[in-house]
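The lines below spell out each chain.
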Amino acid sequence: MKFNFLSENGTGIKVDEKTAAVYYKKAADGGDIEALLFLGIAYEFGSGVDKDAFRAIEYYKRATDEGNIEALRRLGQCYANGTGVDKDLAFSFECYTKAANLGDEFSVFLLADCYHWGKGIMVNYSKALNFYKKYIDNCKYANENYAKANYEIGNICIIPEYQGRGIGTKILKDIIKQNMERNIKLQYFNGFIHISFS
């Protein structure tokens, strides 16, 4: 798999997505589970192969059957968006739930989004808040979804049924404190990078 990754990302060699896809296919045919996932991604986005959502689904299903958690989440995303399959929000919710229970961090965020907006499940702001908070607590680094989770918590906390009940207030206070601590760590890291590589 290392050569495939090097070809796909151009680490030490020229980026060649077609060559990467060829080797992913060989590895998948040889039983490599991660290669099944990467082939699914390649077909979903047309990276080194012709874009083919149906084949992407096929590879995601095979990888999921072999226990690949990211493939399970991506399969759920395909069903949520109707990519290569009929849109099925209930099935996507089921995929996210399984993947989150198996430790997929991003699936926790997607579950929060499902509860917040009623995607495949009834709207439940309390569960949405809890899943957004869980995502923030376990997020390894600040990213777009980290910021969105913070934003959506703020949105839920201004919903009339939450005002004055203190449900969101404690969560917001915890998040503000955590973000301040995380920001200090990020500032330290940024300083370290500038000193080390300037």
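Here's what I pulled together on the structure shown here. In this numbering scheme, every chain counts its residues from 1 along its sequence in written order. Restriction of local features to residues with pLDDT of at least 70 applies here, the model being predicted, together with a cutoff of 80 or more for giving and counting side-chain atom pairs; totals for whole chains, interfaces and linings are based on all residues. Computation of side-chain values covers all heavy atoms of the structure but excludes hydrogens and water.

1. Structural notes on the packing of helix α2 (residues 17-29) against helix α3 (residues 33-45)
Next up, step 1: Lines fitted to the C-alpha atoms define the axes, with helices restricted to the stretch that makes contact. Angles between their N-to-C directions range from 0 to 180 degrees. A run of DSSP states H or I qualifies as a helix once it reaches four residues; a run of E qualifies as a strand once it reaches two. Both are numbered from the N-terminal end. The interhelical angle for the contact between α2 and α3, taken along N-to-C directions, is 140°, at an axis separation of 8 Å. Accordingly, the angle class assigned to the pair α2 and α3 is oblique. The element α2 and its partner α3 pack so that their crossing is left-handed. Two secondary-structure elements touch here, α2 through Ala-21, Tyr-24, Lys-25, Ala-27 and Ala-28 and α3 through Ala-35, Leu-36, Phe-38 and Leu-39.
Next up, step 2: When residue character is reported, Ala, Val, Leu, Ile, Met, Phe, Trp, Tyr, Cys and Pro are called nonpolar, Asp, Glu, Lys and Arg charged, and the others, Gly included, polar. Partitioned by chemical class, the residues of the contact of α2 with α3 number eight nonpolar, no polar and one charged. Any angle that is under 35 degrees is reported as roughly parallel, and any over 145 degrees as roughly antiparallel; angles of 65 to 115 degrees are reported as roughly perpendicular and all others as oblique. For any helix crossing, the convention is left-handed if the near helix is rotated counterclockwise from the far helix by under a right angle, and right-handed if that rotation is clockwise. The contact definition used throughout considers only heavy atoms, calling two residues in contact when any of these lie within 4.5 Å.

2. Observations regarding the pattern of salt bridges
Next up, step 1: Only one rule defines a salt bridge in this text: a Lys or Arg side-chain nitrogen within 4 Å of an Asp or Glu carboxyl oxygen. Under the definition given, this model contains eight salt bridges.
Next up, step 2: Among the salt bridges present, the one from Asp-29 reaches Lys-25, with a minimum N-O distance of 2.9 Å. Taken together, the positions of Asp-29 and Lys-25, both in helix α2 and four residues apart, correspond to about one turn of that helix.
Next up, step 3: Linking Lys-119 and Asp-113 is a salt bridge whose minimum nitrogen-to-oxygen distance equals 2.7 Å.
Next up, step 4: By relative accessible area, Lys-119 is classed as partly exposed at 32%.
Next up, step 5: The network of salt bridges with common partners includes Asp-113, Lys-119, Lys-148 and Glu-152. Burial here depends on accessible area, computed with a 1.4 Å probe over protein chains only, as a share of the maximum for the residue type. Under 20% is buried, over 50% is exposed, and the range in between is partly exposed.

3. Section: the packing of helix α4 (residues 53-65) against helix α5 (residues 69-81)
Next up, step 1: Where α4 contacts α5, the axes come no closer than 8 Å and their chain directions differ by 145°. α5 is crossed by α4, and the crossing has left-handed handedness. On α5, the residues that touch Ile-57, Tyr-60, Lys-61, Ala-63 and Thr-64 of α4 are Ala-71, Leu-72, Arg-74, Leu-75, Cys-78 and Tyr-79.
Next up, step 2: Partitioned by chemical class, the residues of the contact of α4 with α5 number eight nonpolar, one polar and two charged.

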